[in-house]
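These are the residues of each chain, in order.
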Amino acid sequence: MKASPVHIVFGNDALADHEQVVFVSDKPTGLKAIIAIHSTALGPAMGGTRMWAYDSEAAALRDVLNLARGMTYKNALADSGFGGGKAVILADRAVGKPPTLLRAFARHVDRLAGRFITAEDVGISLADVEEMRKETRHVRGIAEGRAGDPSPHTAFGVYRGIAAALEHRLGRRKLRGLSVCVQGLGHVGMALAELLHDAGAELVVSDIRQAAVTEACERFGATAITSEAAHAAECDVYAPCALGGVLNEHTIPEIRAGIVAGAANNQLGNARDGDRLRDCGILYAPDYVINAGGVISISHEGPDFDMGFMRRDVARIGETLSHIFQRAEREDRTTSNVADAIAEEKIRSAHRRAASA
Ligand code: NAD
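Just so we're clear, the structure is a prediction, and the values are computed from it rather than from any experiment. (Residues numbered from 1 in each chain as written. Predicted model: local features only at pLDDT ≥ 70, side-chain atom pairs only at ≥ 80, totals over all residues. Heavy atoms only, no water.)

Trainee: Got a minute to help me understand the environment of Lys 134 in this structure?
Mentor: Topologically, Lys 134 is positioned in the loop between helix 4 (126-133) and helix 5 (151-170). Along the backbone, Lys 134 and Arg 103 are 31 residues apart, and their C-alpha atoms lie at a distance of 7.3 Å. (Helix = DSSP H or I, 4+ residues; strand = E, 2+ residues; numbered from the N terminus.)

And the structure:
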């Protein structure tokens, strides 16, 4: 009997879903990296480079493929003019992160001739990106012509997203007299808390760093809540701004807020949790749509950078979400499902345009 073939590449759905996956190794520096270009239908693939000590090569590959695909959807909904990609460098304590390794990686990015543009991510700092810049111009997040730290822009996008959710759910955009629970007071969460406070919202806050909680209580008159109880806070909006996976079969039944709208990535434990939220009557702002302010700010980088234009683009996150909320209601689908469908429609029509050109 003939053995069935082993489909390790084109028969592997996760891999075959990507336009190009590049495995990079550089013996002199010990570099091992994977660059995944998911789609360039809407423009060059843009996504950060993550450096992480993965348990296995399979885990690194899984991560980069998921992240690259996510960037395609995020860039599509943000109308950033970019496609989706991501890179991971497999961290190895014996090798460390010498400049020679970063530059070897950057040379591989350069060989892709602009099909992949990268920036900082977990484990890769702005200084590391500056080092890469010595070998390639296909990096973002460098000092010149940039919007600065993306976090305040992400916070502003979330703020506009919360206003859009309030309008859809309560028929009002004004935050005065409403309460928001901000879980995670880091770069984005603290900036969001400030915007919400300035707009008159009552704040409930949580963080595992007591100093951040104390700061928010003092500056914004916020009420503290433990991180375990934050999802169940009695408030109008729950804004997760810390970790992913916070919306799951255990937490969703305990959520009291009518709206979930926050910056954290990968908030849904799995795809069924989108249905769970809808079944509980909770309006969910899909994470990759509401938290795109940082990506939008990076997409504006360049010699003609204009802060006003960039802020206007970030503010449009509110309009995109309003459209998603309305369509989800009309078609009786989850908001995350509608967001994915819009991204896929944009990609399909780009393919059609390219085919007919
Ligand atoms: P950050 O590391 O600055 O802040 C995270 C905060 O969450 C920290 O203060 C941390 O102490 C706190 N935290 C960790 N575990 C917690 C818990 N169990 N309960 C309460 N607080 C907890 O990160 P950030 O840049 O503010 O990003 C926040 C989230 O938004 C992340 O999920 C990130 O991936 C996502 N995001 C950030 C940006 C950006 O521009 N920074 C853009 C898109 C998405």
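Trainee: Mind showing me how you'd approach the sheet that holds strand 9 (residues 223-224) here?
Mentor: Two orientations exist for strands paired in a sheet by backbone hydrogen bonds: parallel and antiparallel. With parallel pairing, the six strands of this open sheet are ordered in space as 9-8-7-10-11-12. Because the sheet does not close on itself, it has two edges, and the strands there are strand 9 and strand 12 (283-284). Two strands pair when backbone bridges link them, and strand 10 (residues 237-240) and strand 11 (residues 259-260) are joined in this way by two bridges, in the parallel orientation. Counted as the bridge partner of Tyr 238 is Val 260 from strand 11. (Pairing = 2+ DSSP bridges.)

Trainee: Is there a simple way to explain the packing of helix 6 (residues 187-198) against helix 7 (residues 210-220) in this structure?
Mentor: Between two packed helices, the angle of one axis relative to the other and the distance separating the axes together describe the packing. At a minimum axis separation of 11 Å, helix 6 and helix 7 run at an interaxial angle of 15 degrees. By the criterion of interaxial angle, the relationship of helix 6 to helix 7 is roughly parallel. By crossing handedness, the relation of helix 6 to helix 7 is classed as right-handed. From helix 6, Met 190, Ala 193, Glu 194 and His 197 reach across to helix 7, where they touch Ala 212, Glu 215, Ala 216, Arg 219 and Phe 220. For the contact of helix 6 with helix 7, the class distribution of residues is five nonpolar, one polar and three charged. (Axes fitted to C-alpha atoms, helices over the stretch in contact; angles between N-to-C directions. Parallel < 35°, antiparallel > 145°, perpendicular 65-115°, else oblique. Left-handed = near helix turned anticlockwise from the far one by under 90°. Contact = heavy atoms within 4.5 Å. Nonpolar A, V, L, I, M, F, W, Y, C, P; charged D, E, K, R; others polar.)

Trainee: Looking at this model, I keep getting lost on the environment of His 197. Mind explaining?
Mentor: Among the structural elements, His 197 can be located in helix 6. Placed 23 residues apart in sequence, His 197 and Phe 220 show a C-alpha to C-alpha distance of 6.0 Å. With near-sequence residues (within four places) excluded, His 197 lies in contact with Leu 203, Arg 219 and Phe 220.

Trainee: So what exactly am I meant to see when it comes to the packing of aromatic side chains here?
Mentor: Under the criterion given, the structure shown has one aromatic pair. On the basis of an interplanar angle of 85 degrees and a centroid distance of 6.3 Å, the ring pair of Tyr 73 and Tyr 288 is categorised as edge-to-face. With Tyr 73 in helix 2 (residues 57-78) and Tyr 288 in helix 9 (residues 287-290), this residue pair connects regions lying 215 residues apart in the sequence. Taking the relative accessible area as the measure of exposure, Tyr 73 reaches 7% and is therefore buried. For Tyr 288, a relative accessible area of 14% puts it in the buried group. Directly above the ring of Phe 156 sits Arg 311, whose terminal nitrogen or CZ lies 3.9 Å from the centroid. (Phe/Tyr/Trp six-rings, centres within 6.5 Å; stacked < 30°, edge-to-face > 60°. Buried < 20%, exposed > 50% of the residue type's maximum accessible area, 1.4 Å probe, protein only. Lys NZ or Arg CZ within 6 Å of the ring centre and 35° of its normal.)

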